[in-house]
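# Descriptive analysis of the structure
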Amino acid sequence: MGQFGIGQPVRRKEDVRLLTGKGLYTDDVNFDGQVFGVFVRSPQAHANILSIDIEAALAAQGVVAVYTGADLVADGVGTLITDVEMEDLSGKKMFRTKRTFLATDRVRFVGEPLAIVLAETLGQAREAAELVMVDYEGLPAVGSTAFAASPDSPPIWEEHGSNVGVHWENRPVAEIDAHMAKAKTRVTVDIVNNRLVPNPMEPRCAVAKFDEESGVLTIYAPTQGGRRIQGGLAKTVLNLPPNKVRVISPDTGGGFGIRGKLYPELGVISWAARKSGRPVKWRGDRSETFVSDYHGRDQINHAEMGLDENGRVVALKVHTILNCGAYMAENGPRLPVSGGGRIIPGVYDIVNFYFSVKPVFSNTVPTDTYRGAGRPEANFLMERLMDAAAEATGLARDEVRRRNVIRPDQMPYRTQMGLLIDSGDFDGNMKMAMEGADWENFPKRRAQSEKNGKLRGIGIGNFVEAAGGRPTEEMRIRIAADGKATVFAGTHSHGQGHETVWAQLLNEFLGIPFDDVSLVQGDTATAPKNSAGTFGSRSSWMGGVGLQRSAKRIVEKGTKIAANLMQTEPEGVSFAGGVFTAGTSSVTLVEVAKAAHEPKNLPEGMEAGLDESYFLERDPEEFNFPNGCHVCEVEIDADLGHVQIVNYVAVDDCGFVLNPVIVHGQVYGGVAQGIGQALTENTVYDEDAQLVTGSFMDYGMPRAQHFSMIEALFNQVLCKTNDLGVKGAGEAGACGAPSAFVSSVMDALKPYGITHIDMPLTPDRVWRAIAEAKAATAA
Amino acid sequence: MQDFNYHAPASVADAAKLLAAHEDAKLLAGGMTLLPTLKQRLAAPSDLIDLSSVPNIKGICREGDEIVIGAMTPHADVAESALVRETIPGLAMLAGQIGDPAVRHRGTIGGSIANADPAADYPAGVLGHGATIVTNTRKIAADDFFLGLFETALEPGEIILGVRFPIPVWSHYQKLRHPASGYAVVGVLVAQTAGGVRVAVTGAGPNAFRASAMEEALTADFSAKSLDGLTIDAETLNNDMHASAAYRAHVVTVLAKRAVAAR
Ligand SMILES: Cc1cc2nc3c(=O)[nH]c(=O)nc-3n(C[C@H](O)[C@H](O)[C@H](O)COP(=O)(O)OP(=O)(O)OC[C@H]3O[C@@H](n4cnc5c(N)ncnc54)[C@H](O)[C@@H]3O)c2cc1C
């Protein structure tokens with residue numbers, strides 16, 4: 001393992017380019033003759049569209065075209081995809097919403113696009129968009145999740161007659177009630193898992209052109225790998241074969257799950273480029289991020305857990321309401337079920353598990369995958385239950401957890417939902433995190449804080465995920481005659497550092513110098529045919545192993561060429577560190593690469609070049625299980641309700657760590673987003689379903705001041721189900737942070753008897769909880 | 001942003017003329033508030049009159065018992081000024097807590113008080129120190145300046161040239177930052193001046209105001225204890241999703257006490 005091999009803290013090679021302004025983002029791309037598109041969006045949360053008058057807009061200066069939903073429908077454009085199927089125990093299927101790319105007869109949330117104006121300049125397009133006159137007939141709107149789930153809310157989809165899409169259950173509830181009845185102690189928790197606006201640094205953007213001659217539609221847009229978007233555009237929007245649609249995602253300023261989707265805007269821009277005969281550019285702004293990027297989280301959970309006299313969990317029962325928004329997005333309703341729900345029992349050995357999910361409709365932006373995608377919600381719920389169990393049984397918070405964690409000797413462990421957890425050291429994670437945070441001496445630090453007039457608390461949160469996403473991926477390595485290698489990938493790095501890690505893999509397995517490896521990604525024209533993309537913490541596994549096996553094929557072919565060069569048999573040739581050896585003679589991979597491009601040097605019948613791919617396919621029900629334990633310590637200024645993190649330790653088991661610097665970065669970012677959810681971020685719709693938190697003036701992003709140093713530690717347990725031993729790392733932080741943080745705040749507030757405050761724990765909420773607790777004791 | 005005509009007058013008189021000549025004209029200072037408004041198309045002035053080339057309205061100096069701060073002085077200059085730190089510590093403290101470094105290097109004192117955002121910090125500084133706002137036509141006492149939500153005593157066409165701060169005996173600023181915007185959920189400035197103690201509150205109400213009961217209590221006995229039981233009537237305060245009126249009322253007292261305790 002050299003300095004640039006796997007496992008080494010190699011600095012990110014992409015950083016210099018990105019930090020010195022040399023990145024290429026979609027907005028940097030312009031096509032000759034392009035026009036600018038501006039969307040007309042609904043200011044109404046719920047209304048019938050009586051008419052759309054585009055005359056004035058069409059007549060405005062510089063306007064090239066104005067299109068409405070009717071134009072798309074007339075052209076045969078279909079509806080957006082919901083890639084989910086769910087049914088209740090009786091077999092009744094969920095209600096499927098239909099969303100056209102531009103609203104036609106009804107709008108269902110503020111910000112829903114219903115027309116696009118194309119003009120020569122962005123300014124002209126904006127001016128003209130204001131001239132599109134829409135006559136709305138307002139309808140009663142549903143703004144909150146709880147109201148959406150209640151039978152009193154007016155159905156947004158009349159044909160369904162209810163805002164509940166389906167009532168999914170994993171088993172009959174009576175089964176669990178029987179187990180629950182046997183419990184000695186029962187605890188319940190009620191949680192509002194707050195809706196988040198993911199807010200990548202780069203707002204959405206797209207520029208598309210249609211080439212009449214070749215019949216190819218090319219679109220640049222920030223995505224997490226264009227393959228799925230290519231398919232969707234080809235099939236539902238353009239009615240073209242996929243190879244006539246090219247999706248290019250150059251540098252992309254953050255993905256977090258929500259950049260992986262076929263959004264209506266992408267369809268409309270592509271279609272409009274073909275229809276108008278002019279390349280079209282759309283530059284979404286931050287306000288559009290708030291009202292048109294899919295939102296995350298937004299669940300209400302009610303859960304009950306029963307424990308026996310030894311503090312062992314005997315039954316777990318969970319009811320989840322998921323706010324899908326006005327339409328079911330691509331994965332939306334799946335998140336609380338196969339995304340997160342089935343791992344609710346977490347790192348614990350809980351055999352009797354029931355959960356039910358109601359996806360509900362409201363007049364809000366659709367929700368979909370956001371960093372963790374159901375798993376942060378699941379882990380948060382489980383850990384709140386564990387804290388409640390500690391309180392009810394009198395056991396320490398770590399002790400009740402310790403009594404229930406799945407032990408290494410139970411591995412591989414088949415969960416009640418059928419998942420096979422291959423490995424993990426959950427008790428060890430806790431030990432490492434508690435030691436790292438000096439848990440033992442916490443009382444001393446608390447006493448010190450008390451002297452300074454502050455409350456202090458410490459909290460713990462375990463988590464486990466199921467990572468891996470789509471079960472297929474293909475990677476390709478091409479080695480040029482000069483020995484330099486290019487990786488062609490459909491995985492997409494938008495913060496994950498693949499340029500670095502893929503080069504480390506080639507350095508490790510082929511001995512190619514780190515700087516001689518380059519990455520070509522983000523282009524469906526160059527990505528391997530069966531590639532998928534980067535989401536669900538999958539790239540290290542699906543991309544990494546795919547690359548490792550491609551490298552193996554390079555070695556196999558190289559061995560034959562080397563044998564030919566050394567005039568020996570391939571069986572006698574070995575490969576290590578970039579050198580093929582047979583007895584006393586040897587040739588380097590560089591020499592072999594050169595030879596590979598000169599047909600005269602090749603064995604009979606061998607194709608020239610050194611270019612290999614590997615199509616990796618795994619069992620779709622097989623995942624890896626990143627896990628860990630976070631410990632958070634806070635100080636609270638009770639007079640202001642202000643919470644400050646003073647210490648944070650994150651222990652992660654993401655299997656084999658390919659590059660600790662990069663995984664640390666993933667942990668920090670994930671923790672920051674997890675703390676964002678728990679401390680500052682909240683998406684608020686009012687009773688009329690108007691978005692109140694539509695800008696950074698009202699939507700609180702986490703800032704450096706909210707954090708202490710984060711100590712990221714690894715408890716590496718190699719994954720047994722893939723060659724590299726890797727587990728996902730991208731979403732872990734966001735899974736562990738909310739529970740550790742809230743646990744620490746509740747610990748600090750224990751003297752007041754406070755056991756629960758819904759996230760985010762803003763000063764106002766914390767102060768109010770304290771004031772109410774004080775008033776209650778005084779009364 | 002809609003198109004506008006840009007002017008960069010070289011004197012206050014020219015600026016005033018331009019302002020009078022164009023009905024929909026607006027003064028441009030640091031642009032930190034005005035430009036976002038234009039970008040979001042919430043305002044569409046026909047003309048922008050940039051004050052950055054106007055001489056003598058930027059900078060900090062002492063004139064007798066007053067510190068004079070030019071309208072175009074950015075927050076960072078006030079925060080870092082040795083003179084201000086030494087003579088009006090509460091004001092330097094306040095300016096240093098506005099927004100982020102970029103905002104502090106662009107945003108100006110004149111722009112801030114002309115805008116009179118209910119959550120802005122400067123209004124508490126101006127009011128708490130009993131400053132005088134100097135315009136191209138007159139002088140306005142801080143007590144007469146902030147009239148309501150984004151509403152000041154400025155007449156159309158009036159240009160702030162600077163603010164004159166009488167040097168206090170001592171002053172201190174306490175702020176609870178808004179979780180999203182970083183503005184003041186509540187900001188309290190306490191100053192001991194020749195004429196008694198002044199307590200100015202921003203963020204809590206529709207505009208900055210003085211807490212007179214607190215001022216009286218502190219003038220009688222300058223100790224945190226003397227504020228016990230003194231709270232602002234929550235009925236008059238802002239109530240929003242980030243902070244209830246009751247919370248704001250509570251925080252005013254907490255911050256006032258902390259300011260006093262810092263003495
Ligand atoms: C991200 C961000 C965070 C911020 N955080 C804070 C904060 O924490 N606390 C805080 O107090 N403020 C905050 N601000 C506001 C900042 O202080 C602004 O600079 C200030 O409100 C306006 O000053 P300006 O010089 O930018 O004025 P401009 O935006 O240029 O002008 C504002 C208004 O004042 C008028 N005007 C400007 N100069 C004069 C003059 N000399 N005479 C008459 N009228 C004039 C303009 O016509 C305009 O209507 C923040 C701003 C941003 C963008």
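Procedures and definitions
- Residues numbered from 1 in each chain as written.
- Chains lettered and ligands numbered in written order.
- Predicted model: local features only at pLDDT ≥ 70, side-chain atom pairs only at ≥ 80, totals over all residues.
- Heavy atoms only, no water.
- Helix = DSSP H or I, 4+ residues; strand = E, 2+ residues; numbered from the N terminus.
- Rg over C-alpha atoms; globule rule 2.2 N^0.38 Å.
- Buried < 20%, exposed > 50% of the residue type's maximum accessible area, 1.4 Å probe, protein only.
- Contact = heavy atoms within 4.5 Å.
- Areas by Shrake-Rupley, 256 points an atom, 1.4 Å probe, with all protein chains shown as cover.
- Lys, Arg positive; Asp, Glu negative; His and termini not counted.
- Charge placed at Lys NZ, Arg CZ, Asp CG, Glu CD.
- Pairing = 2+ DSSP bridges.
- Core = buried A, V, L, I, M, F, W, Y, C linked by side-chain atoms within 4.5 Å.
- Arc of directions from axis to C-beta.
- Domains from an automatic or database assignment.
- Buried area = accessible area lost by both parts, 1.4 Å probe.
- Salt bridge = Lys/Arg side-chain N within 4 Å of Asp/Glu carboxyl O.
- Near = heavy atom within 4 Å.
- Polar contact = N/O pair within 3.5 Å; in protein donor to acceptor, adjacent residues only side chain to side chain.
- Nonpolar A, V, L, I, M, F, W, Y, C, P; charged D, E, K, R; others polar.
- Axes fitted to C-alpha atoms, helices over the stretch in contact; angles between N-to-C directions.
- Parallel < 35°, antiparallel > 145°, perpendicular 65-115°, else oblique.

### Some details on the overall build of chain B
From N to C terminus, chain B includes 10 helices and 14 strands. Its C-alpha radius of gyration of 18 Å places chain B within 12% of the 18 Å reference for a compact globule of 263 residues. Judged by the C-alpha coordinates and their principal axes, chain B covers about 55 × 45 × 30 Å. Across the 263 residues in chain B, those meeting the buried criterion constitute 53%. Of the contacts formed within chain B by residues at least 6 apart in sequence, a portion of 57% connects residues at least 24 apart. Looking at chain B as shown, the accessible area adds up to about 10900 Å², and 51% of this sits on carbon and sulfur atoms. Positive and negative side-chain charges of chain B, numbering 21 and 27 respectively, have mean locations separated by a distance of 6 Å.

### Side note on the overall build of chain A
The number of helices and strands found in chain A is 20 helices and 28 strands. Since a compact globule built from 779 residues should have a radius of gyration of about 28 Å, the 28 Å found for chain A is in line with a globular shape. Along the first, second and third principal axes, the C-alpha atoms of chain A reach 95 × 75 × 55 Å. By the burial criterion, 62% of the 779 residues in chain A qualify as buried. When the accessible surface of chain A is split by element, carbon and sulfur atoms take 51% of a total near 28400 Å². Chain A carries 77 positive and 97 negative side-chain charges, and their two centres are separated by 2 Å.

### Examining the sheet that holds strand 2 (residues 47-53) of chain A
Residue and element names in this part refer to chain A. Strands sit in the order 4-2-6 across an open sheet of 3 strands; the sheet is antiparallel. The strands lining the two open edges of the sheet, one partner per strand, are strand 4 (106-107) and strand 6 (133-138). For strand 2 and strand 4, the ladder comprises 2 bridges, and the chain directions are antiparallel. Within strand 4, the residue paired with Asn 48 across the bridge is Arg 106.

### Thoughts on the nonpolar core
All names here are of chain A. Met 305, Tyr 648 and Phe 741 are the most contacted members of the largest nonpolar core, which totals 118 residues. Among the elements that take part in this core, helix 11 (residues 375-393) stands out by supplying 8 residues, more than any other. Leaving out residues up to four positions away in the same chain, Phe 741 has contacts with Cys 632, Val 634, Val 643, Ile 645, Ile 675, Ala 678, Leu 679 and Leu 761. With 48 residues, the next largest nonpolar core counts Val 517, Leu 547, Phe 580 and Leu 616 among its residues.

### Description of helix 14 (residues 442-451) of chain A
All names here are of chain A. Burial in helix 14 covers these residues: Phe 442, Arg 445 and Ser 449. Buried residues of helix 14, viewed axially, fall in a sector of 65 degrees; they line one side. Seen from the open side of helix 14, the exposed residues pointing more than 90 degrees away from its buried face are Pro 443, Lys 444 and Lys 451.

### Thoughts on the pairing of strand 18 (residues 455-464) of chain A
The side chains of a regular strand alternate, first on one face of the sheet and then on the other. Residue and element names in this part refer to chain A. Burial within strand 18 is extensive, with 10 of its 10 residues counted as buried. Along strand 18, one buried face is formed by Leu 455, Gly 457, Gly 459, Gly 461 and Phe 463 and the opposite face, lined by Arg 456, Ile 458, Ile 460, Asn 462 and Val 464, is buried too. Where strand 18 meets strand 26 (residues 627-637), 10 bridges bridge the pair, whose relative direction is antiparallel. Residue Val 464 lies in a different strand from strand 26, and its bridge partner there is Asn 627.

### Considerations on the domain arrangement of chain A
Residues and elements named next belong to chain A. Looking at the assigned domains, one finds that chain A contains domain 1 (15-21 + 469-617) and domain 2 (407-464 + 623-779). Counting residues at the interface gives 16 residues for domain 1, matched by 16 residues for domain 2. For the domain 1 face of the interface with domain 2, the top three residues by lost area are Ser 537, Ser 540 and Trp 541, together amounting to 43%. Counting every contact that joins domain 1 to domain 2 gives 1 salt bridge. Arg 549 is paired through a salt bridge with Asp 723; the nearest N and O atoms lie 2.9 Å apart.

### As for the pattern of salt bridges
What the rule picks out here adds up to 64 salt bridges over all chains. Asp15(A) serves as the salt-bridge partner of Arg12(A), at 2.7 Å between the closest nitrogen and oxygen. Of the residues examined, Arg12(A) reaches a relative accessible area of 21% and is grouped as partly exposed. Assessed through its relative accessible area of 24%, Asp15(A) is described here as partly exposed. Across the pair Arg41(B) and Glu130(A) runs a salt bridge, and its minimum N-O distance is 2.6 Å. Of this pair, Arg41(B) sits in the loop between helix 2 (34-39) and strand 3 (47-50) while Glu130(A) sits in the loop between helix 4 (122-129) and strand 6, each in a different chain. Using a relative accessible area of 16% as the deciding quantity, one classes Arg41(B) as buried. One salt-bridge network, in which partners are shared between bridges, spans Arg41(A), Arg204(A), Arg259(A), Glu265(A), Glu288(A) and Asp293(A).

### Digging into the site of the ligand
Residues and elements named next belong to chain B. Around the ligand there are 28 residues in total, and Leu 27, Gly 31, Leu 34, Thr 108 and Asp 121 lie nearest to it. Taking Met 32, its main chain carries an N or O atom lying 2.8 Å from an oxygen atom of the ligand. Here an oxygen atom of the ligand sits 2.9 Å away from a polar atom, N or O, in the side chain of His 75. When the free accessible area of the ligand is taken as 970 Å², the share hidden by the protein chains comes to 90%. Looking at the shell around the ligand, the elements with two or more residues in it are strand 2 (25-28) and helix 7 (109-115). Along the lines of polarity and charge, the residues of the shell around the ligand split into 14 nonpolar, 10 polar and 4 charged.

### Overview of the environment of His250(B)
Within the fold, His250(B) resides in helix 10 (residues 245-261). Assessed through its relative accessible area of 22%, His250(B) is described here as partly exposed. Sequence spacing of His250(B) and Asp233(B) is 17 residues, and the spatial spacing of their C-alpha atoms is 9.6 Å. Excluding anything up to four places from it in sequence, His250(B) contacts Asp639(A) and Trp767(A).

### A word on the domain arrangement of chain B
Residue and element names in this part refer to chain B. For chain B, the domain assignment lists domain 1 (5-50), domain 2 (60-166) and domain 3 (170-261). Taking only C-alpha atoms, the centre of domain 1 and the centre of domain 2 are 20 Å apart. Taken residue by residue, the interface counts 9 residues in domain 1 and 12 residues in domain 2. On the domain 1 side of the interface with domain 2, the three residues burying the most area are Val 12, Ala 29 and Met 32, jointly 48% of the side's total.

### A closer look at the packing of helix 20 (residues 763-778) of chain A against helix 10 of chain B
Two elements in contact, helix 20 of chain A and helix 10 of chain B, have axes separated by 10 Å at closest approach and are oriented at 85 degrees. Classified by the angle between their axes, helix 20 of chain A and helix 10 of chain B sit roughly perpendicular to one another. Contacts between helix 20 of chain A and helix 10 of chain B involve Pro763(A), Asp764(A) and Trp767(A) from the first element and Ala246(B), Tyr247(B) and His250(B) from the second. By residue class, the composition of the contact of helix 20 of chain A with helix 10 of chain B is 4 nonpolar, 1 polar and 1 charged.

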